[in-house]
Amino acid sequence: MLKQLRPAVVSFLVLTLVTGFAYPLAVTGIAQIAMPEQANGSLIVKDGKPVGSELIGQAFSDPKYFWGRPSATGPMPYNAAASSGSNQGPLNPALTDAVKGRIQALREADPGNTAPVPVDLVTASASGLDPHISPAGAEYQVRRVARLRNLQPEEVRALVAQHTEGRQFGILGEPRVNVLRLNLALDALHRG
């Protein structure tokens, strides 16, 4: 039995060292050299402090900010440890009620806006963490943000245009606006 136990223990220890220590250290080292920003979570830094990640949405409820897509994570929104969609289908009354509530909140924040509400402002993404909205979702909010920050809508539209990202490789996905980056740019205007 000792004859069989020794190779099993040695194999266990070697594989533990290789797969548990050497491989993760090598991959981490290569990632830190090849793409340090992504390896460290694609953090957005303001005044030397991380304020968020460009890959995870944040909850903005102040009307002077652009609002992102709703989060489906619980118990708190945009919780990366609880990434998941709501799994509510289009015929689910809970989804219908949630969408109606979100539309009402958008209408109350900007009562004069009678434009149709873009779908991405009232439905969560598959992960529940999406940091982006569509350009239409940003345009829907331009007048509200401009009014509350004492800016001209054209100024805010220009900022949205500057922060609109195109399709990846020119063909994948749709144009999108990173809400955190846009809101940080708004704060940098030092008005409102």
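Below, the structure is looked at part by part.

Conventions adopted
- Every residue gets a number counted from 1 within its own chain, in the order that chain's sequence is written.
- It should be noted that, the model being predicted, local features are given only for residues of pLDDT at least 70 and side-chain atom pairs only at 80 or more, the latter also being counted only at that level, while totals for whole chains, interfaces and linings use all residues.
- Water and hydrogen atoms play no part in the side-chain values, which are based on all heavy atoms of the structure.
- A pair of strands is labelled paired if DSSP reports no fewer than 2 bridges between them.
- Strands are runs of DSSP state E lasting at least 2 residues, helices are runs of H or I lasting at least 4, and numbering of each runs from the N terminus.
- Any two residues whose heavy atoms approach within 4.5 Å at even a single point are treated as in contact.
- The convention used is that axes are lines fitted to C-alpha atoms, helices contributing only their stretch in contact, and that angles between N-to-C directions extend from 0 to 180 degrees.
- For Phe, Tyr and Trp, where Trp contributes only its six-membered ring, two rings pair if their centres lie within 6.5 Å, and the inter-plane angle classes them as stacked under 30 degrees, edge-to-face over 60, or tilted in between.
- Remark: exposure states derive from per-residue accessible area (1.4 Å probe, protein chains only) relative to the maximum for the residue type, with buried under 20%, exposed over 50%, and partly exposed in between.
- Over a ring means this: the NZ of a Lys or the CZ of an Arg is within 6 Å of the ring centre and within 35 degrees of the ring normal.
- Residues belong to a common nonpolar core when they are buried Ala, Val, Leu, Ile, Met, Phe, Trp, Tyr or Cys residues joined through side-chain atoms within 4.5 Å.
- Just so you know, the count uses Lys and Arg for positive and Asp and Glu for negative, and it drops His and the chain ends.
- By definition, a salt bridge exists where a carboxyl oxygen of Asp or Glu is found within 4 Å of a side-chain nitrogen of Lys or Arg.
- Polar contact criterion, stated in full: a pair of N or O atoms within 3.5 Å, where within protein one must be able to donate a hydrogen and the other to accept it, and residues adjacent in sequence count only if both atoms are side-chain atoms.

With antiparallel pairing, three strands are arranged side by side in an open sheet as β3-β5-β4. Lying at the two open borders of the sheet, with one neighbouring strand each, are β3 (132–133) and β4 (164–165). Relative to strand β5 (residues 176–178), β3 runs antiparallel, the two sharing two bridges. From the neighbouring strand, I133 faces β5, where its bridge partner is V177. Of the strands in this sheet, β3 and β5 are in contact with helix α6 (residues 179–188), which crosses β5 at around 60 degrees.

Let us look at the packing of aromatic side chains. Scanning the entire structure with this criterion turns up one aromatic pair. Their ring planes at 35 degrees and their centres at 5.5 Å tell us that F60 and Y65 sit as a pair that is tilted. Exposure class is identical for F60 and Y65. Each is buried. When the ring centre of W67 is taken as origin, the NZ or CZ atom of R144, which lies over that ring, is 4.5 Å away. Sitting over the ring of Y65, R149 keeps its end group 4.8 Å from the ring centre.

Among the nonpolar cores identified, the biggest contains 29 residues, and F66, L106, V156 and V160 are the most heavily contacted of them. Elements with a contribution of two residues or more to this core: α3 (93–109), α4 (135–148), α5 (153–162) and α6. Broken down by element, the residue count for this core peaks at six residues, all from α6. With residues near it in sequence (within four places) discarded, V160 still touches F66, A138, V142, V177 and L182.

With four bridges joining them, strand β1 (residues 43–46) and strand β2 (residues 49–53) adopt antiparallel strand pairing. Bridging from a neighbouring strand, K46 pairs with K49 of β2. Between β1 and β2, which pair antiparallel in sequence order, lie two residues; one of them, D47, sits at a positive phi of approximately 55 degrees.

You can see R144 is positioned in helix α4. One buried charged side chain, R144, makes no salt bridge at all; its nearest oppositely charged neighbour is D110, positioned 5.9 Å away. A polar contact of 2.6 Å, which involves the side chain of R144, links it to the backbone oxygen of Y65. The contacts of R144, once residues within four sequence positions are left out, are P63, Y65, F66, W67, L106, A109 and D110.

The next thing to look at is the side chain of N183. Along the chain, N183 falls in helix α6. Residues within four places of N183 in sequence aside, it is in contact with F60, Y65 and F66.

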